[in-house]
Each structure stands twice: as C-alpha cells, then as structure tokens.
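Results of the structural survey
Residue strings, one per chain:
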Amino acid sequence: MKPYLKRAWAEVSLPALRKNIETIKKLCSGGTQIMAVVKADGYGHGEEEICRCLAVDCGIRYFAVSNLDEAVSVRKFCPESEILILGYTPPEYAHQIAEYNIIQGIVSTEYAKALVNSGTEKIRCHVKIDTGMGRIGLKHDTPQECADEIKQLCNMEGLSVEGIYTHFSVADSDSPENVAYTDRQEKFILDTYDELCRQGIRLPHVHFMNSAACCYRNNPRSTLARAGIIMYGLHPDISLDIPAELTPVMELKAVISHVKTVQKGDCISYGRTFTADREMKIATVTIGYADGYSRLLSSKGEILVHGKRCRIVGRVCMDQLMIDVTDAEAAAGDIVTLIGREGDDIITADELASIYGTIGYEVVCGISKRVPRIYIE
Ligand SMILES: *Cc1c(COP(=O)(O)O)cnc(C)c1O
C-alpha cells in the first residue's frame, strides 16, 4: 500500500467489490451480462482501481460512463472492454468517440446527424429511448413509431446502431402505481425491440436494468444489466431490503487530534449551536465538509470510536468536527470510523444520507478529492 497521510481517508475494499459482483451475477439471468457503471470516478471509489479490478479479476467486459473524458480514461485501464457513454457528447468530439472505439448513447435523430456530419469514422452507438424518465432519448407514443425512427438511424451512413436502451425512474419503489409505471417502461422498450425484429432489424443489445431492477425485477430479456450503486454495496433505496447480501465497498476514516474536558456552559464550534449542559469529554476529529462529510450532519451524525457511537456536537467545520466522547474511550491519535464497520456496529453511507435527506449515491460521490482512496486487497 502506498504511503498516505493518516488524516481523513477512504478505504476501498476490492474483495467486497468482487463479492458484490458475484452477488449481482446471481441476481441476474445467465444471458444478462453486467455493464459496470463507473461514472463519477466509480461513484467516488476511484475509477482506475475499480475498473482494473472489474475487468481483470471479475471478467467484466461492459462499462458505462457519463461522458467522453471518463470514457477515454476507462479505455486506458480497460483496453479490451466495451464502453458506453450514457450521456451527451458534443458532436465536435465525434472523431474521439471513434478513435477510442467508444459506444455513444444517441439522444435524438438530430443529434445522430450532427455526430456523423462532424465525424470521420463510423460511430458505434446505442439509441436511448425515453420511456418515462423524461431526461434524454427518443420519445414516442407507440413502439411502432419509435421503431420507425430507430430504423432510420440504422440506415444512416456513418452510424452503427448496436442496441437500444432505456432508464427506469422508479424501479426502486414497490408501490403498485410505480411498479405499473416501470412495467409500462419495460414493455415499451421490449415492444420497440420486437417491432424492429419484425422489420428485420435484430440489434445485439436491448437493455433497461439498473441496480433497482437487478434487485427487484430481473428480466432475462435485458442483454445488459447496468449495475451501479449495488456494485458499491449500497441500496438503490434504503427503505427497501435487497434480496441478497451486499457489502459496502467504501469505508471513511479519520483521526482524533485532540481530547478535552469541557464544563457546563462551554460552547462548541461555529455559531455556538451546542452548549454543554454538564461536564463532558469532547474529541476533535480530522475531517470536515471539505472532505465531503456534509455540514448537514452537524449535531446529527454519529461516528464510531472504538466500536461505540459518538454524536457530533455543534457544526461540522471545513476540516474538522467535534464529537461527544464522554462515554467512550478516546485519545489523540485514535482512528475513528465515519462510514464503515467497527465490531458489531456499522454506519453506512445510506444511513448518513437518510439523516440529511439524500441518497447513499450522493454521499459516496461527494467524498472529495482531498481524501486519498486506499485500496484493500
Ligand atoms: C447512473 C445510471 C445507471 C446506474 O444506476 P444505479 O441506480 O446506480 O444502478 C444506469 N443507467 C443509467 C442511464 C444511468 O445514468
């Protein structure tokens, strides 16, 4: 392991990642291959090591990213893989898409035309269909109309259409209305695919499964499962149990820099939002919101200190925060766990997210560049 400053760091467990991949394979049907979603620096876990582990150790062949910069970067680590850009690439970069053998998501016919007009070589693509997410993609009232537009794209010079895909917006919900909504999204993309087949166009790929779909509505007809958050061991939605054992891949640690006893009436941190109501032992921890540990956790978050939960007191600062260690063992130099397991207790990114009204995705993506990622083999 490379030396790193023991101040605030994230431990990324590659065995946990490998185990999660095995679990996802079991959740999906044999004919569905995993497309590892590694956008946003592998959801904050570190693109290079995550990609290498997935490609080399887990044999993952398909990767998905959000943009061209990420695609080019993944290409370096995974020279043999298929890389799909889920989002928009400005057409003037078409030559790079071709040069790096990237597959581009096509959001509209207009966009496809712009791409091939500025491109030199053939552009490989999957066509995105908007079946209800309302974000990007071809939008039609019927699968027949949709298939007609895709057919035109298939005939376009300079474009190689290899698949179609769509994205679910509520596959992580078990309410009957939301399940019916996702059913309609799924039916639309499959009917579109089948209509294309009837017209003699058999595309290698049709995919619509995200993490939530892997967990709750596996469908063998999806040739790829675009698994993101579950690979990293977190929940698509914390309120729903996952029908499999996943292990969080990232732990977040820091160090106690200072321990002191305060008296009744003493104030802690900016804004004097916390005043001791008795004699207390307070520890200062070397992490703050500039590390991605949200200020919204002020006076709310808990941290594991020698396996014991200790409450944050007062506001989280940019680089430091204070915790109540009155009932804990704590000394300067001790390592504490902000996300992760100590003994029988675990604090997950999902738990932190629920405290301040967001999702685990945002917590792990938000751990800032200042925090070194340490890879555990
Ligand atoms: C981010 C993303 C995914 C992965 O979503 P998870 O919920 O993390 O599995 C899949 N497909 C598209 C289009 C995405 O943007």
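Just above, that's the structure.
Residues numbered from 1 in each chain as written. Predicted model: local features only at pLDDT ≥ 70, side-chain atom pairs only at ≥ 80, totals over all residues. Heavy atoms only, no water.

Between its terminal C-alpha atoms helix H7 (residues 143–154) stretches 16 Å, which fits the 16 Å expected from 12 residues at 1.5 Å a residue. Taken as a whole, H7 has its buried residues at Pro-143, Cys-146, Ala-147, Ile-150 and Leu-153. Burial along H7 is one-sided: seen end-on, the buried residues are contained in an arc of 110 degrees. Packed against the buried residues of H7 are strand S5 (103–106), helix H6 (109–118), strand S6 (123–129), strand S7 (159–166) and helix H8 (176–198). (Helix = DSSP H or I, 4+ residues; strand = E, 2+ residues; numbered from the N terminus. Expected span 1.5 Å × (residues − 1). Buried < 20%, exposed > 50% of the residue type's maximum accessible area, 1.4 Å probe, protein only. Arc of directions from axis to C-beta. Contact = heavy atoms within 4.5 Å.)

Using the criterion set out here, one finds 5 aromatic pairs in the structure. Look at Tyr-43 and Tyr-232: their rings are 4.7 Å apart centre to centre, the planes differ by 25 degrees, and that puts the pair in the stacked class. Of this pair, Tyr-43 sits in helix H2 (residues 39–43) while Tyr-232 sits in the loop between strand S9 (224–227) and strand S10 (250–262), placing them 189 residues apart in sequence. In terms of burial, Tyr-43 and Tyr-232 fall into one category: buried. With centroids separated by 5.9 Å and ring planes inclined at 45 degrees, the aromatic side chains of Phe-168 and Phe-208 adopt a geometry described as tilted. Here Phe-208 lies in the loop between strand S8 (205–207) and helix H9 (211–216) and Phe-168 lies in the loop between S7 and H8, a separation of 40 residues in the sequence. Under the relative-accessibility criterion, Phe-168 is labelled buried at 3%. Taken together through their ring pairs, the aromatic side chains of Tyr-43, Tyr-232 and Tyr-361 make up a single cluster. Over the face of the ring belonging to Trp-9 we find Lys-6, whose NZ or CZ atom lies 5.9 Å from the ring centre. Sitting over the face of the ring of Phe-168, Arg-217 holds its NZ or CZ atom 5.7 Å from the ring centroid. (Phe/Tyr/Trp six-rings, centres within 6.5 Å; stacked < 30°, edge-to-face > 60°. Lys NZ or Arg CZ within 6 Å of the ring centre and 35° of its normal.)

Within the fold, Thr-166 resides in strand S7. The exposure class of Thr-166 is buried, given its relative accessible area of 0%. Residues within four places of Thr-166 in sequence aside, it is in contact with Lys-128, Ile-129, Asp-130, Thr-131, Ile-189, His-207, Phe-208 and Arg-226. Of note is the side chain of Thr-166, whose polar atom sits 2.6 Å from the backbone oxygen of Ile-129. Here the side chain of Thr-166 touches Thr-131 through a polar contact of 2.8 Å, side chain to side chain. (Polar contact = N/O pair within 3.5 Å; in protein donor to acceptor, adjacent residues only side chain to side chain.)

Quick look at helix H3 (residues 47–57) now. Along H3, the positions that sit buried rather than exposed are Glu-47, Ile-50, Cys-51, Cys-53 and Leu-54. Along the axis of H3, the buried positions cluster into a sector of 165 degrees, meaning they face one direction only. Against strand S1 (8–13), helix H1 (14–27), strand S2 (33–37), H2, strand S3 (62–65) and helix H4 (68–77) lie the buried residues of H3. Trailing H3 by a residue or two, Gly-59 shows a phi angle of about 70 degrees, which is positive.

Attention now goes to the nonpolar core. Membership of the largest hydrophobic core comes to 121 residues, with the highest contact counts inside it found for Val-38, Leu-54 and Tyr-293. Ranked by the residues each element gives to this core, the list is headed by H8, at 6 residues. In this structure, Val-38 is in contact with Ile-50, Cys-51, Leu-54, Phe-63, Ala-64, Val-65, Val-74, Met-231 and Tyr-232, ignoring residues within four places of it in sequence. Core analysis: the second largest hydrophobic core is formed by 9 residues, Phe-274, Ile-282, Cys-317 and Met-322 among them. (Core = buried A, V, L, I, M, F, W, Y, C linked by side-chain atoms within 4.5 Å.)

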